[in-house]
Amino acid sequence: MNIKELANVLGLSIATVSRALNSHPEVSAKTQQRVLEAAQQYGYFPNAAGRNLRKGKANTVALLLPPGDRDNFYTASFFMRVANELQRTLRQHDIDTILHLALDAEDEKIWLQKMIEQHKADAVILTNTTLHDPRIEFLHHHQFPFATLGRSHSLEGHFNWVDLDFATVAATAVEQGLLKGHKNFGLVTLGNQSAQGEIFAAAWRKALAEKELILNESAIYYGDISEASGYEAMQHFQQLATPPDYVIFLSDLQLLGATLYAQHHQVTIAFFAGVFSSDMSSLLPEKPTGFDIPFAVLGQDLARATLNAMQQQPPLQSLPTLKLITGREHTLL
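Since this is a predicted model, take the numbers as computed values, not measurements. All residue numbers here refer to positions counted from 1 along the written sequence of the relevant chain. Two thresholds apply to this predicted model, a pLDDT of at least 70 for residue-level local features and 80 or more for giving and counting side-chain atom pairs, whereas whole-chain, interface and lining totals are computed over all residues. Side-chain figures throughout are based on the complete set of non-hydrogen atoms in the structure, without hydrogens or water.

**A word on the packing of helix α1 (residues 3-10) against helix α2 (residues 14-21)**
One can describe the packing of α1 onto α2 by two numbers: an axis separation of 9 Å at closest approach and a directional angle of 100°. Between α1 and α2, the angle falls in the class roughly perpendicular. On the side of α1, the interface is formed by I3, K4, L6, A7 and L10, while α2 contributes I14, V17, S18 and L21. Interaxial angles span 0 to 180 degrees and are taken between N-to-C directions of axes, which are lines fitted to C-alpha atoms, for helices over the stretch in contact. Going along the chain from the N terminus, every DSSP run of H or I of four or more residues is numbered as a helix, and every run of E of two or more is numbered as a strand. Working rule for angles: under 35 degrees goes down as roughly parallel, over 145 as roughly antiparallel, 65 to 115 as roughly perpendicular, anything else as oblique. In this description, contact between two residues means that some pair of their heavy atoms is separated by no more than 4.5 Å.

**A word on the sheet that holds strand β13 (residues 323-325)**
Paired strands, in this sense, are two strands between which DSSP finds at least two bridges. With mixed pairing, three strands are arranged side by side in an open sheet as β10-β11-β13. For this open sheet the edge positions go to β10 (275-276) and β13, each flanked by a neighbour on one side alone. Here β10 runs beside strand β11 (residues 290-292); their pairing, made up of two bridges, is parallel. Bridging across to β11, F276 finds its partner in D292.

**Some words on the environment of L164**
For L164, the location among the structural elements is in the loop between β5 (161-162) and α9 (166-179). The spacing of L164 and P294 is 130 residues in sequence and 9.6 Å in space, taken between C-alpha atoms. Not counting residues up to four positions away in its chain, the partners in contact with L164 are R151, I293, L298, L319 and L322.

**Some details on the pattern of salt bridges**
Here a salt bridge means any side-chain nitrogen of Lys or Arg lying within 4 Å of a carboxyl oxygen belonging to Asp or Glu. Scanning the entire structure with this criterion turns up seven salt bridges. Across the pair R91 and D96 runs a salt bridge whose closest N-O atoms are separated by 2.5 Å. Overall, R91 belongs to the exposed group, its relative accessible area being 52%. Any residue under 20% of the maximum accessible area for its type is buried, any over 50% is exposed, and the rest in between are partly exposed; the area is computed with a 1.4 Å probe on protein chains only. Residue class for D96 comes out partly exposed when judged on its relative accessible area of 32%. Between D301 and R304 there is a salt bridge whose closest N-O contact spans 3.0 Å. Note that D301 and R304 are positioned in helix α13 (residues 295-310) at a spacing of three residues, about one turn of the helix.

**A closer look at the confidence of the model for the protein**
Confidence in the prediction for the protein averages 89 pLDDT; 90% of positions are at 70 or higher. Predicted confidence for residues 48-54 stays below pLDDT 50, and this span has four contacts to residues more than four positions away or in other chains. pLDDT measures how confident the predictor is about each residue, on a scale from 0 to 100.

Quick look at the structure:
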């Protein structure tokens, strides 16, 4: 039954029925009660799209995935796991999650503009944040609710964000290497002004300084989260006068590429996986040492941060606790 048919049954105008369903003060309590009872009896449900349009709400949150390059495709399983719990939590508030994959940075900028102008979502979640992120400034300027998966120096970090504790990952990795007797450390992190990549590199430098170890800037490789990046990092390290004997990766996906290089070139080296962002490391004979990501907590915290942004409350910021999984040193021949 639609609203016209319901109005005919009740002998009222469509406008009166609409006002009664929306608890309008011009409609008496008795008429409102009569309309609500009839709506329940005849199975009438207001059109959600029309109701949300009138209220200016879409009841959706958009998770903006990184542009479609090798980095994004390799991390698809990571985002799907986060999105699963994000959706589960938002559903409790009658909000759906939509995922958007931009073709490149320019396409992403155009989509954000359209999203605001056409109100395609009530809030957006940014990923792949940079040290100075123009998207954050753009959304803030337009007073559009947002949260981020990752930190940034933009707005002096005063916004809703959830991130992985890469500082702890780097510091722990250095400690693990020292326990195994290594002194010459290499690092594979993220480039392109990645906030996570810079946090990781800064924590690595700090840990080496605290342990009074030699810091060699050429032993840092800035890449992306892919097997190819790990392979290319190993090529870079092997060209150094003194290649590192212990390499710390931001992601296990990078480690897989480095493993392939070590096997092909019969290189002996020890690795630390960083965070396990996929199931790919399960293909190795033994799981290396690294940190498990609490995907459920990450998704829940991201949902709370997004809801908080929509309610215009003081920012929520979260670094979920990571669990160290101690495997073998992963020395390869």
